Amino acid sequence: MGTDDLLRLRDFGGLSVSPDGRWLAFSLRQARPERDDYVVRWFVAPTSGASLPSPLDVSGGDPIQSYVFGLPRADILSAPAKWSPDGRWFAFRRRAGTRIELWVGEPRSRHAKRVADGVSQVTGFAWSRDGVLVFRTGLNHDLYRRNLEIEAQRGWLLDSRMPLSAARTPEPTEPDCLGASPDPACDVRTFAADIKGGARPATEAEIAALAEELDPGSRVPGAFRGKTGAVGRPRSDGAIAWAENADPDKETGFAPLRRIATNAAGARRCDARDCTGSIRSVGWARGGASIWFLKREGGAGRADGAPRDEAALYEWRPSSEGVRQVLRTTDLIDDCHVRGAVAYCGRETVTRPRHIVAVKLDTGEVRTLYDANPTFTAKAFPKVRKLMLSDFEGNPAFAHVVYPYDYRPGRAYPLVVVQYISKGFLRGGTGSEYPIYPLAAEGFIVLSVDRPEPWDRMRRLSLREVERSRLGGDLRDRRSVLGVIEQAIDALVAEGLVDDRRLAITGLSSGAEIVHYALQHSRRFAAGIASSGIHDQTFLAIVPEGADRTRLMEAFSSETIIPPEDNPIAQLSWSRMPERLKTPLLINAGQHEVMIGFEGIEALRHAKRPVEMRVFPDELHVKYHPRSLAGVYANNMEWLKFWLMGYEDPNPELSEQYRRWRDMKARLEAEVRRP
């Protein structure tokens, strides 16, 4: 498998099933690197699997991106369509340039049409019980740009809108129109639309229906509201099922054990052990006669399912108190919808991308309905095995070991660490920047790590308390993850699989933080790659002011914007210890994050340390543009092959790159020889 196979992989969006159980609706997207864009289409297919999926007669538009810390994160949202109560239509959002519109599709004719013509983006929608489509609007992008141009005449005000982490383009970011301080260009209104055309202001009842759809927890009876996790859709009589806190007196944290409960007549909660754990989703089955739920479980046998490397589907009949495990698997199962006695879910395996399956509740039989990447089943994959691990506190974790395609026993191979989630198809770690199977095809062993979490503290402490404990003065979180990585490496070296002199560590986001920390505190790695810089003295200052900055200041125990010398950030800052970098480090940063840790990067460059940074235009936290991903793949493959294998691509266009790297290598070798 090559990197182009990964770039052109077809990704499923959210799955939905018609109320009568006859139809599936889902979106597919595929990158086109040669055009630097994506093809997005909505499909409908019969749940029987009797015919292939058919596309609607309109394209799916452009991918809709998510936001974090008030900035576009570039994760592509995979929101499911929503079906009308009679199953005749399904509704979905479609992005066209800067507009986010509301459309409906008809499953039999495959015809799609826009519901209402408006300039403001659609932010949420739902069907009322009588089949009216209710939707809420947000940003009027055209008005926002005009207002920015007017403000620019006197200069943009430096406030919470300004992303100081961006290189050369720190202009105000688009507002969150549902946030505490909406922009004048926010047109937050709620409408009701008839499928035949036209929209009107929504009634109070319709607004309440939309609020309930967008906040399923509001359906839970008042005594339990705010204390629940997953919440199912109402049964025909209005009864619902949900996952509540299993023990409010002991499970006081932000991620407590959950237990299945219902307000159906004659039932309250399921006290069986199988009804408690890490419950991901829940709903009615068999026309409301039973409740299904999906859990994350683990081989360690813990009640909380840690390290949650397995999935299990259960069925509970409240009338008989009987609980039955339908399916348990090491595959990634999610996005399940049950109609009658069949669950329709998304599934991934370590060697197979996401596809749609049908699971019979009676037998647990799994049948593939639709696979958007059928050629992958014909591809050869290398050996993959799982390692069970634990950190110094006993928190369980795991990793997958991916062998080289041409593996020969008795030979020690170079190893590349990829972080920090290893569930489902092994694509390239978080952010998909480190192509696992193409690396294996080049002769590397790849260690794909699923990081340990402070499982017990998550059950007892609030999110902010857990963040403070993880990021506190002893840098517990980084020590935990690096310890697990080194534990796995030690085991593979002891087996004779891995050459301890040829190790590399890679990562994005939290994984990038581990890369920097590892190179500051360990000398065993021969190369590193990070997808951003690391926290340095100005880190808190460049985060937009407001709730997010306040939360980060609390997490790092800093009362000032520039942290004091004894603060945890100082222990991570390259600007305070550039001499510690003795391992070649490549950084592939997005343009809008290039200023994160910039003083540390410049301190490293000034001190002639072995660092090279590439900046990808118009990129954010997660790389979005197909050409950027292709460039990141090429950079990473060439960097790892040079430092761990001594290989140089003969392409003359890369000659200057290899000259820089040879000079870097010569300086490092001279330092080793220096007395």
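Please refer to the structure placed before this passage.
Report follows, based on the coordinates. Values in this document were obtained by computation on a predicted structure and should not be read as measured data.

### Remarks on the packing of aromatic side chains
For any pair of aromatic rings, the description rests on two quantities: the centre-to-centre distance and the angle between the ring planes.
For step 1, the next point in the chain: On inspection of all chains with the given rule, the structure shows 22 aromatic pairs.
For step 2, the next point in the chain: Here the aromatic rings of Phe26 and Phe43 are separated by 6.0 Å at their centres, their planes lie at 15 degrees, and the arrangement is stacked. Placement of Phe26 in strand β3 (residues 23-32) and of Phe43 in strand β4 (residues 37-46) is noted, with a sequence separation of 17 residues between them.
For step 3, the next point in the chain: A residue is classified by how much of its surface remains accessible, and Phe43, at 16% relative accessible area, is buried.

### Quick look at the state of the cysteines
For step 1, the next point in the chain: On inspection of all chains with the given rule, the structure shows three disulfides.
For step 2, the next point in the chain: Between Cys270 and Cys275 runs a disulfide, and the two sulfur atoms are separated by 2.0 Å. Negative torsions about the S-S bond denote left-handed disulfides, and the value of about 70 degrees found for Cys270 with Cys275 makes this one right-handed. A single burial state applies to Cys270 and to Cys275, both of which are buried.
For step 3, the next point in the chain: At a sulfur-sulfur separation of 2.1 Å, the disulfide partner of Cys336 is Cys345. With the S-S dihedral at roughly 115 degrees, the linkage between Cys336 and Cys345 falls on the right-handed side. The pair Cys336 / Cys345 is uniform in exposure class, with both members buried.
For step 4, the next point in the chain: Each bonded cysteine in the chain gets a number by its place in the sequence, and the pairs come out as 1-2, 3-4, 5-6.

### Notes on the pairing of strand β34 (residues 611-616)
For step 1, the next point in the chain: Taken together, the six bridges between strand β33 (residues 585-590) and β34 define a ladder with parallel strand orientation. Bridging from a neighbouring strand, Asn588 pairs with Arg614 of β34.
For step 2, the next point in the chain: Crossover connection from β33 via helix α11 (residues 598-606) to parallel β34: handedness right-handed.

### Some thoughts on the pattern of salt bridges
For step 1, the next point in the chain: Applying the stated rule across the entire model yields 62 salt bridges.
For step 2, the next point in the chain: Here Glu206 and Arg200 are joined by a salt bridge, their closest N and O atoms 2.7 Å apart.
For step 3, the next point in the chain: Taking relative accessible area as the criterion, Arg200 reaches 36% and is therefore assigned partly exposed.
For step 4, the next point in the chain: Here Lys386 makes a salt bridge to Asp309, at a shortest N to O gap of 2.8 Å. Residue Lys386 is found in strand β27 (residues 384-390), and its partner Asp309 is found in the loop between β20 (290-297) and β21 (310-317); the two are separated by 77 residues along the sequence.
For step 5, the next point in the chain: On the basis of relative accessible area, Lys386 is assigned to the partly exposed category, the value being 30%.
For step 6, the next point in the chain: Residues joined by salt bridges that share partners form a network here, namely Lys82, Glu212, Glu213, Arg219 and Arg233.

### Side note on the environment of Pro563
For step 1, the next point in the chain: Here Pro563 lies in the loop between α10 (547-555) and β33.
For step 2, the next point in the chain: For Pro563, a relative accessible area of 5% translates into the label buried.
For step 3, the next point in the chain: Along the primary structure Pro563 and Phe539 are separated by 24 residues, whereas in three dimensions their C-alpha atoms are 9.1 Å apart.
For step 4, the next point in the chain: Apart from residues no more than four positions distant in its own chain, Pro563 is found in contact with Gln537, Leu540, Ser558 and Ile569.

### Re the sheet that holds β34
For step 1, the next point in the chain: Spatially, the eight strands line up as an open sheet ordered β27-β28-β30-β29-β31-β32-β33-β34, and their pairing is mixed. Taken across any chain shown, the strands that pair with only one partner, and hence form the sheet edges, are β27 and β34. Going across the sheet, the axis of each strand differs from the next one's by a mean of 20 degrees, ignoring polarity.
For step 2, the next point in the chain: Pairing of strand β31 (residues 498-507) with strand β32 (residues 527-530), which is carried by four bridges, proceeds in the parallel orientation. In the sheet register, Ile505 faces β32, and the bridge partner there is Gly528.
For step 3, the next point in the chain: Each of β31, β32 and β33 is contacted by helix α8 (residues 510-521), which is oriented at about 135 degrees to β31, the strand it contacts most.

### Details of the pairing of β33
For step 1, the next point in the chain: For β33, a buried count of six out of six residues is recorded, marking the element as mostly surrounded by other parts of the structure.
For step 2, the next point in the chain: Side chains Leu585, Ile587 and Ala589 of β33 all project onto a buried face; the interleaved residues Leu586, Asn588 and Gly590 project onto the opposite face, where all are buried too.
For step 3, the next point in the chain: Sheet analysis places β32 next to β33, joined by three bridges and oriented parallel. Bridge pairing in β33 links Gly528 to Leu585.

### Considering α11
For step 1, the next point in the chain: The complete set of buried residues in α11 reads Glu599, Gly600, Ile601, Ala603 and Leu604.
For step 2, the next point in the chain: On its buried face, α11 sits against β33 and β34.
For step 3, the next point in the chain: One or two steps after α11, the chain reaches Lys608, where phi turns positive at roughly 60 degrees.

### What to know about the nonpolar core
For step 1, the next point in the chain: Residues Leu415, Leu447, Ile485, Ile505 and Phe525 are the most contacted members of the largest nonpolar core, which totals 53 residues.
For step 2, the next point in the chain: Counting residues per element, this core draws most heavily on helix α7 (residues 476-494), at seven residues.
For step 3, the next point in the chain: Setting aside its immediate chain neighbours within four residues, Phe525 contacts Leu482, Ile485, Ile489, Leu503, Ala504, Ile505, Ala518, Leu519 and Thr583.
For step 4, the next point in the chain: Grouped together as the second largest cluster of nonpolar side chains are 40 residues, Tyr38, Val40, Tyr437 and Ala440 included.

What counts, and at which threshold
In this numbering scheme, every chain counts its residues from 1 along its sequence in written order. Thresholds applied to this predicted model are a pLDDT of at least 70 for local features of residues and 80 or more for the giving and counting of side-chain atom pairs; totals over whole chains, interfaces and linings are not thresholded and use all residues. The side-chain quantities take in all heavy atoms of the structure and omit both hydrogens and water. Each Phe, Tyr or Trp ring (for Trp, its six-membered ring) is paired with any other whose centre lies within 6.5 Å, and the angle between the two planes then decides the class: stacked below 30 degrees, edge-to-face above 60, tilted in between. A run of H or I in DSSP counts as a helix once it spans at least four residues, and a run of E counts as a strand once it spans at least two, with each numbered from the N terminus. Working definition: with a 1.4 Å probe on protein chains only, accessible area under 20% of the residue-type maximum means buried, over 50% means exposed, and in between means partly exposed. By disulfide we mean two sulfur atoms from cysteines, separated by a distance within 2.5 Å. At least two DSSP bridges between two strands are needed for those strands to be called paired. For crossovers, right-handed means that the path from the first strand over the helix to the second runs clockwise, given strands pointing away from the viewer. Definition used for salt bridges: Asp or Glu carboxyl oxygen within 4 Å of a side-chain nitrogen of Lys or Arg. Any two residues having at least one pair of non-hydrogen atoms within 4.5 Å are treated as being in contact. Interaxial angles span 0 to 180 degrees and are taken between N-to-C directions of axes, which are lines fitted to C-alpha atoms, for helices over the stretch in contact. Here the nonpolar core consists of buried residues drawn from Ala, Val, Leu, Ile, Met, Phe, Trp, Tyr and Cys, with membership extended through side-chain atoms lying within 4.5 Å.

Functional significance is not addressed by these values, which are geometric in nature.
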